[in-house]
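Tertiary structure, described
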Amino acid sequence: MEETGLLADAGYKDLLKNIGTALNNGRQKAVNQVNQAIVETNWNIGRYIVLYEQAGYEKAEYGSETLKRLSHDLSERYGKGFGMSNVNKMRKLYLTFPILQTLSAKLSWSHYVELLKIDDPQERSFYLQECEQENWGVRELKRQMKSMLFQRLVLSKNKDEVIRLAQQGQIIEKPEDIVKDPYVFEFVGLPELPVYKEGDLETALINNLSQFLLELGKGFTYVGRQQRINIGGRIFKIDLVFYHRILKCFVLIDLKRGEVQHEDIGQMNLYLNYYREEMNTPGDTEPIGIVMGAYEDKLMVKYATQNISNQLFVSRYQLYLPDKDQLENEIRRFMDADAAKEK
């Protein structure tokens, strides 16, 4: 009798779980359908405004009498949501995405409000692809736009790969694809001046793990911090260890408060050799090491990493958002140099 009761109890738990799953799926589906309907409705409003313009009436640019009048009349008839700025965004949505089928069913109106702030079509396409593929919420999208993710990734690509990046989003196929320079850790709240310890940065990153994983990029799974390894009776500690689900390998990260030294690179090479021999299991690929420092001497890094067969990278990190003009100037120089090589 007792056994029957236990089985019934287990069956009831399964019943409750299945109903909960169905409810959550149904609610999410309803939310998605509402979001899709809002985006489509706003697109149609934008289309009607543009058709009005094309019929020879006043051009409904921001601040025009048409938009002022529309905003007033729509607000009076239908309530909130029709401020002049919002009505102008509806017009811009249609002008930016003139084919309805190119709008993503996964993105909300709030996503598109952020995407419409981007003037460059390649950059906007990249963020749209990433939102779709990685299920970014609006908060994640805003953070990645502020951190200039597209521009930072462009600096590690050639011209053809930049086009691919814009059209398909970030594709992870090789170790170089997961490395950024610089990494941006503005979310940790540490001061820009190096008055903190390396351990402080490490702790702050783990305390903000979800944002740290977002900055690292797709495919990272957290394994642990201060991972101890014993080599010849000596204990070493690796700051941070991750596993990359796409590349199927361990990713070891060492944090340096100041400039990366050649000894840091040699130590990471030691860690990679150990992980390849002692930690890898069948199916794992070669581990990847990233030494992150606030500064780097590119010439020293070049000679320190030369002839190292392991997948070892050196990157900068910064505790504040990048300067947009400075980064875009770097991209222009990079693209001009890339174009000159093709001639």
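As a starting point, this report considers the structure included with it.

Cut-offs and rules
- Residues numbered from 1 in each chain as written.
- Predicted model: local features only at pLDDT ≥ 70, side-chain atom pairs only at ≥ 80, totals over all residues.
- Heavy atoms only, no water.
- Helix = DSSP H or I, 4+ residues; strand = E, 2+ residues; numbered from the N terminus.
- Buried < 20%, exposed > 50% of the residue type's maximum accessible area, 1.4 Å probe, protein only.
- Phe/Tyr/Trp six-rings, centres within 6.5 Å; stacked < 30°, edge-to-face > 60°.
- Pairing = 2+ DSSP bridges.

**Considerations on the environment of Thr281**
Tracing the sequence through the fold places Thr281 in the loop between helix 11 (262-279) and strand 5 (288-295). Classification of Thr281 by relative accessible area gives partly exposed; the value is 46%. Along the primary structure Thr281 and Gly26 are separated by 255 residues, whereas in three dimensions their C-alpha atoms are 40 Å apart.

**Structural notes on the packing of aromatic side chains**
Here the structure, examined in full by the defined rule, presents 17 aromatic pairs. A ring pair is formed by Phe185 and Phe212, whose centres lie 5.6 Å apart and whose planes are at 85 degrees; its orientation type is edge-to-face. On the criterion of sequence distance, the pair formed by Phe185 in the loop between strand 1 (183-184) and helix 9 (198-207) and Phe212 in helix 10 (residues 209-216) is long-range, its members being 27 residues apart. Overall, Phe185 belongs to the buried group, its relative accessible area being 0%. Judged by centre distance (5.3 Å) and plane angle (85 degrees), the ring pair of Tyr243 and Phe250 falls under edge-to-face. In textbook terms, an aromatic cluster arises when at least three aromatic residues are bridged by ring pairs, as seen for Tyr183, Phe185, Phe187, Phe212, Phe220, Tyr222, Phe242 and Tyr317.

**Let's talk about the pairing of strand 4 (residues 249-259)**
The buried count for strand 4 comes to 8 of 11 residues, which makes it a mostly enclosed element. Relative to strand 4, strand 3 (residues 234-244) runs antiparallel, the two sharing 5 bridges. Of the residues in strand 4, the one forming a bridge with Tyr243 is Phe250. What sits between the antiparallel neighbours strand 3 and strand 4 is a turn of 4 residues, in which Lys248 has the positive phi angle 55 degrees.

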